[in-house]
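# Observations on the model geometry
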Amino acid sequence: MSSKSINCIHWDSECSSEYGDLVSEFESNWTAVWSASTIRGRHARILRRHHKTRARPRLTPHVPRFKTQTRQDAVTLTGGFEATAMYSHDGGPVLIHPLQPPPPPPPPLCSFVHIVPQYTMVEYPPQPAPLVFTPGGGGGAFLEAATKDVRPEVRDVWAGNFNDELSNLTAVLPHYPWVCVDTEFPGAVHDSDTPRYLRGPRESYALVKKNVDDLKLLQVGIALSGPAGRFPVAWQFNLRGFDPARHPYAPASLALLRAQGMHFATMNEFGIDPDAFAVGFHRSGLACGQLTWTAFSGSYDFAYLAKVLTGGQPLPATLDGFLALVRQLFGPNVLDVKHLARCCAMRGGLEQVAAALGVERAAGHAHCAGSDSLLTTDVLLAMLNSFFMNVDVLVHAGTIVDLA
């Protein structure tokens with residue numbers, strides 16, 4: 001066994017006390033190989049120093065006269081690293097050969113770690129300022145006078161009084177933010193072979209689009225309501241542009257409108273230009289997107305109004321496109337009073353639902369836009385007071401009969 005392979009020697013207590021001084025004296029110049037038994041039996045052979053020359057000593061290992069048996073095992077030292085241990089069967093010193101260097105000392109522990117958060121600045125587009133309604137010239141006086149006079153009224157609006165009445169409506173709108181709309185038009189010239197109750201939403205919209213694209217809008221009725229109840233005045237906007245001699249219509253519907261007092265020649269002469277109506281609609285705040293819009297079976301009402309507000313352009317080709325346009329023009333809160341009536345187990349048209357609720361027509365005649373919008377508002381308020389006291393009615397927003 002070469003002396004260069006010896007890394008460390010473990011002594012027992014007896015050997016250390018008896019021969020520790022002797023080994024310490026010569027350990028710098030001598031190399032010794034022994035076993036505990038030979039040391040205890042005083043048979044230790046210490047190799048004398050031999051000099052080949054006087055200048056340089058040479059150490060010659062001593063080979064014992066007997067053979068010492070050894071054994072090699074794998075051990076785990078303090079610190080967790082492994083080593084190979086060689087020792088004799090008679091209890092001699094142990095030779096330890098580490099298999100890997102000891103690990104570096106662990107870093108000092110710290111009880112507090114300061115973490116600096118990293119922030120990323122995100123720039124958002126500027127938000128539009130909130131819409132504030134400013135009453136027109138005589139708007140405040142009109143609001144006070146109208147609320148004192150509780151008698152309902154349908155007010156006809158023509159080209160001559162369009163700006164004045166639009167200012168009055170603008171003054172009232174912040175206090176009555178629920179808008180009910182009704183439209184009148186010359187019937188329907190397109191039909192479907194599929195019965196109405198069997199049509200799906202897309203087929204129903206395709207039929208609505210065909211009729212609205214080919215026909216003209218005649219009247220727009222607007223009635224307002226809010227926390228204080230229904231506003232007593234409804235506006236009936238008469239539009240020009242329809243000529244029975246040049247434009248298509250349904251004869252039965254046109255005869256019904258004539259019987260209710262609609263004069264088409266007068267409307268063409270004194271009525272409101274549809275483009276001017278669209279400009280006034282946006283200027284009044286009706287298109288602010290913060291109002292609640294209602295109609296009774298409103299698929300045609302919102303379709304005709306959307307056509308006029310987009311400059312007479314054809315309606316979107318798909319139902320999804322139309323519903324997106326409705327949200328863009330009127331906001332997310334669009335209610336169909338007929339759908340609410342179905343939720344309350346009431347069927348039929350506007351007159352039948354009003355009779356079931358005990359609501360009477362307050363002013364005007366049937367099939368006139370202003371009067372129908374006023375009656376629809378009263379029906380809505382009656383249903384809210386009877387069936388939706390503890391229910392948020394806006395959960396039904398966006399559901400339009402025949403299109404959902």
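In this report, we go over the structure that sits alongside the text.

What counts as what
- Residues numbered from 1 in each chain as written.
- Predicted model: local features only at pLDDT ≥ 70, side-chain atom pairs only at ≥ 80, totals over all residues.
- Heavy atoms only, no water.
- Helix = DSSP H or I, 4+ residues; strand = E, 2+ residues; numbered from the N terminus.
- Contact = heavy atoms within 4.5 Å.
- Buried < 20%, exposed > 50% of the residue type's maximum accessible area, 1.4 Å probe, protein only.
- 1 Å grid on protein atoms, 1.4 Å probe; cavity = no way out; pocket = protein on both sides within 12 Å on 5 of 7 lines; lining within 4 Å.
- Points joined across faces, edges and corners; volume = space filled by probe spheres on them.
- Nonpolar A, V, L, I, M, F, W, Y, C, P; charged D, E, K, R; others polar.
- Pairing = 2+ DSSP bridges.
- Axes fitted to C-alpha atoms, helices over the stretch in contact; angles between N-to-C directions.
- Salt bridge = Lys/Arg side-chain N within 4 Å of Asp/Glu carboxyl O.
- Parallel < 35°, antiparallel > 145°, perpendicular 65-115°, else oblique.
- Left-handed = near helix turned anticlockwise from the far one by under 90°.
- Core = buried A, V, L, I, M, F, W, Y, C linked by side-chain atoms within 4.5 Å.
- Polar contact = N/O pair within 3.5 Å; in protein donor to acceptor, adjacent residues only side chain to side chain.

## Regarding the environment of Ser225
Following the sequence through the fold, Ser225 ends up in strand β8 (residues 219-226). As for Ser225 and Leu173, which are separated by 52 residues in sequence, their C-alpha atoms are 8.9 Å apart. Dropping the residues within four chain positions of it, Ser225 is found in contact with Tyr176, Pro177, Trp178, Arg230, Phe231, Thr377 and Leu381.

## Examining the side chain of Asp372
Position of Asp372 among the secondary structure elements: in helix α13 (residues 369-387). Note on Asp372: relative accessible area 7%, which makes it buried.

## Section: the environment of Leu375
Among the structural elements, Leu375 can be located in helix α13. Owing to a relative accessible area of 2%, Leu375 belongs among the buried residues under this scheme. Note: C-alpha distance between Leu375 and Phe296 (79 residues apart in sequence) is 9.9 Å. Not counting chain neighbours up to four residues away, the residues in contact with Leu375 comprise Leu350, Glu351, Ala354, Val359, Glu360 and Arg361.

## Notes on unusual backbone geometry
One non-glycine residue, Ser297, lies in positive phi territory at about 55°. Owing to a relative accessible area of 18%, Ser297 belongs among the buried residues under this scheme. Even without being glycine, His367 reaches a positive phi, approximately 60°. On the secondary structure map, His367 appears in the loop between α12 (350-357) and α13.

## Considering the environment of Pro332
Along the chain, Pro332 turns up in the loop between α10 (319-330) and β11 (334-336). Residue classification places Pro332 among the exposed residues on the basis of a relative accessible area of 54%. Distance in space between the C-alpha atoms of Pro332 and Leu291 is 8.7 Å, their sequence separation being 41 residues. Once residues lying within four places of it in the same chain are set aside, the contact partners of Pro332 are Gly289, Ala397 and Gly398.

## Observations regarding the layout of surface pockets
Put simply, the largest pocket is a space of about 950 Å³. Phe185, Arg196, Phe296, Ser297 and Tyr300 are the residues nearest the centre of the largest pocket, which is lined by 33 residues in total. Secondary-structure elements contributing two or more residues to the lining of the largest pocket are β7 (178-184), α5 (201-214), α6 (251-259), α9 (299-309) and α12. Of the residues that constitute the lining of the largest pocket, the class distribution is 12 nonpolar, 11 polar and 10 charged.

## What about the sheet that holds strand β6 (residues 153-157)?
A sheet is described by the order of its strands in space; here 6 strands give the open sequence β6-β9-β8-β7-β10-β11, paired in mixed fashion. If you trace the sheet from one side to the other, it starts and ends with β6 and β11, each paired once. Mean inter-strand twist for the sheet, computed between neighbouring axes without regard to direction, equals 25°. As defined by bridge partners, β7 adjoins β8 across 7 bridges and the pair is classed as antiparallel.

## Focus on the pattern of salt bridges
Under the criterion given, the structure shown has 9 salt bridges. Of the charged contacts, one joins Glu165 and Arg155 as a salt bridge, the two residues approaching to 3.5 Å between their closest N and O atoms. Taken together, the residues span a long stretch of sequence, with Glu165 in helix α4 (residues 162-172) and Arg155 in strand β6 at a distance of 10 residues. Each member of the pair, Glu165 as well as Arg155, carries the same accessibility label: buried. In this structure, Arg246 and Asp243 form a salt bridge, with 3.3 Å as the shortest nitrogen-oxygen distance. Assessed through its relative accessible area of 60%, Arg246 is described here as exposed. Residues joined by salt bridges that share partners form a network here, namely Glu153, Arg155 and Glu165.

## Quick word on the pairing of β7
Counting buried residues in β7 gives 6 out of 7 residues, a clear majority hidden from the surface. Note: β7 against strand β10 (residues 292-295), 3 bridges, orientation parallel. Across the sheet, Val179 pairs through a bridge with Trp293, a residue of β10.

## Thoughts on the packing of α12 against α13
Between α12 and α13, whose axes approach to 10 Å, the crossing angle comes to 40°. For the element pair α12 / α13, the angle class is oblique. For α12 against α13, the interelement crossing comes out left-handed. Packed against α12, whose contacting residues are Leu350, Glu351, Val353, Ala354 and Leu357, the element α13 presents Asp372, Leu375, Thr376, Val379, Ala382, Met383 and Phe387 at the interface. Considering only residue class, the contact of α12 with α13 consists of 9 nonpolar, 1 polar and 2 charged.

## A closer look at the nonpolar core
In a soluble, globular protein the nonpolar side chains are often hidden away together inside. Of all hydrophobic cores here, the largest spans 49 residues; its most connected members are Leu224, Phe237, Phe277, Trp293 and Phe330. A total of 8 residues in this core trace back to one element, the largest contributor, which is α9. Residue contacts for Phe330: discarding those within four places in its chain leaves Phe281, Gly289, Leu291, Trp293, Phe302, Leu305 and Leu309. Core analysis: the second largest hydrophobic core is formed by 19 residues, Leu375, Leu384, Phe388 and Val393 among them.

## Let's talk about the side chain of Thr377
By secondary structure assignment, the location of Thr377 is in helix α13. Within the local environment of Thr377, its side chain forms a polar contact with the backbone oxygen of Ser373, the two atoms lying 2.9 Å apart. Sequence-distant contacts of Thr377, that is, excluding residues within four places in its chain, are made with Cys180, Ala223, Leu224, Ser225 and Arg230.

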